[in-house]
Amino acid sequence: MHNVKIVCPINQFKYFIHSNRFNTFIKNKGVMSYYKIDNFEQYFKHYNKSIREPRKFWGKIAEENFTWYQQWDKVVDFDMENADIKWFTEAKVNIVKNCIDRHLAKRGEKTAIIF
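Here the structure is a predicted model, which is why all the values come from computation and not from measurement.

Can you help me understand the overall build of the protein in this one?
If you tally the helices and strands in the protein, you get six helices and four strands. Element order for the protein, N to C, with α for helix and β for strand: α-α-α-α-β-β-β-β-α-α. For the protein, with 115 residues in total, the buried portion stands at 19%. Taking as baseline every contact in the protein between residues at least 6 positions apart, the subset at least 24 positions apart corresponds to 37%.

Which parts of the structure should I look at to understand the pattern of salt bridges?
When charged atoms on two side chains of opposite charge get close, those side chains can pair. Evaluated as defined, the whole model comprises two salt bridges. Lys 74 serves as the salt-bridge partner of Asp 77, at 3.9 Å between the closest nitrogen and oxygen. Note on Asp 77: relative accessible area 31%, which makes it partly exposed. With a closest N to O distance of 3.4 Å, Asp 84 and Lys 86 form a salt bridge.

Please explain a positive patch on the surface as it appears in this structure.
On the surface, a cluster of positive charge is contributed by Arg 102, Lys 106, Arg 107 and Lys 110. For Lys 106, the position within the fold is in helix α6 (residues 104–107).

What is the right way to read the pairing of strand β3 (residues 84–89) from this model?
Within a regular strand, the side chains alternate between the two sheet faces. Across five bridges, strand β2 (residues 74–79) lies against β3 in antiparallel orientation. Each bridged residue has a counterpart across the sheet, and for Phe 78 the counterpart in β3 is Ile 85. Two successive antiparallel strands, β2 and β3, enclose a turn made up of four residues, where Ala 83 displays a positive phi of approximately 50°.

Is there a simple way to explain the packing of aromatic side chains in this structure?
The way to describe two aromatic rings as a pair is by their centre distance and the angle between their planes. All chains considered together, the criterion is met by nine aromatic pairs. Between Phe 57 and Trp 58, the ring centres sit 4.8 Å apart and the planes meet at 85°, which makes this aromatic pair edge-to-face. Phe 57 sits in the buried class, given a relative accessible area of 7%. Grouped by ring-pair contacts, the aromatic residues Phe 66, Trp 68, Trp 72, Trp 87 and Phe 88 constitute a single cluster. Its end group placed over the ring of Phe 66, Arg 102 keeps NZ or CZ at 5.9 Å from the ring centre.

Scoring rules and cut-offs
Residues numbered from 1 in each chain as written. Predicted model: local features only at pLDDT ≥ 70, side-chain atom pairs only at ≥ 80, totals over all residues. Heavy atoms only, no water. Helix = DSSP H or I, 4+ residues; strand = E, 2+ residues; numbered from the N terminus. Buried < 20%, exposed > 50% of the residue type's maximum accessible area, 1.4 Å probe, protein only. Contact = heavy atoms within 4.5 Å. Salt bridge = Lys/Arg side-chain N within 4 Å of Asp/Glu carboxyl O. Patch = residues over 30% accessible without salt bridge, like charges linked within 9 Å, V, L, I, M, F, W, Y side chains within 5 Å. Areas by Shrake-Rupley, 256 points an atom, 1.4 Å probe, with all protein chains shown as cover. Lys, Arg positive; Asp, Glu negative; His and termini not counted. Charge placed at Lys NZ, Arg CZ, Asp CG, Glu CD. Pairing = 2+ DSSP bridges. Phe/Tyr/Trp six-rings, centres within 6.5 Å; stacked < 30°, edge-to-face > 60°. Lys NZ or Arg CZ within 6 Å of the ring centre and 35° of its normal.

If you want it as structure tokens, here you go:
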């Protein structure tokens, strides 16, 4: 296994920033609202944490935001030489329960999916 440090400089995302997509995403409180990200610098702080410690970062998100029938053995297992990456090995999850059912108690009267 190789130690790799990945840093994304802000200037690589000029189009993203100038197209106003990032600000729209922040305003709409996408997944990033979990970390209360209000600006690009905060985004990169969490992004870099996800790169440095992916098991801890994604394990915490998975544990706190989803209902699991069976916990995983490993958050991520990878072999970069063979491009073999496995997430949440041996875990069992019901995606319908996580996407819809668990929200019924608080938001059952709202439309879940709009086509």
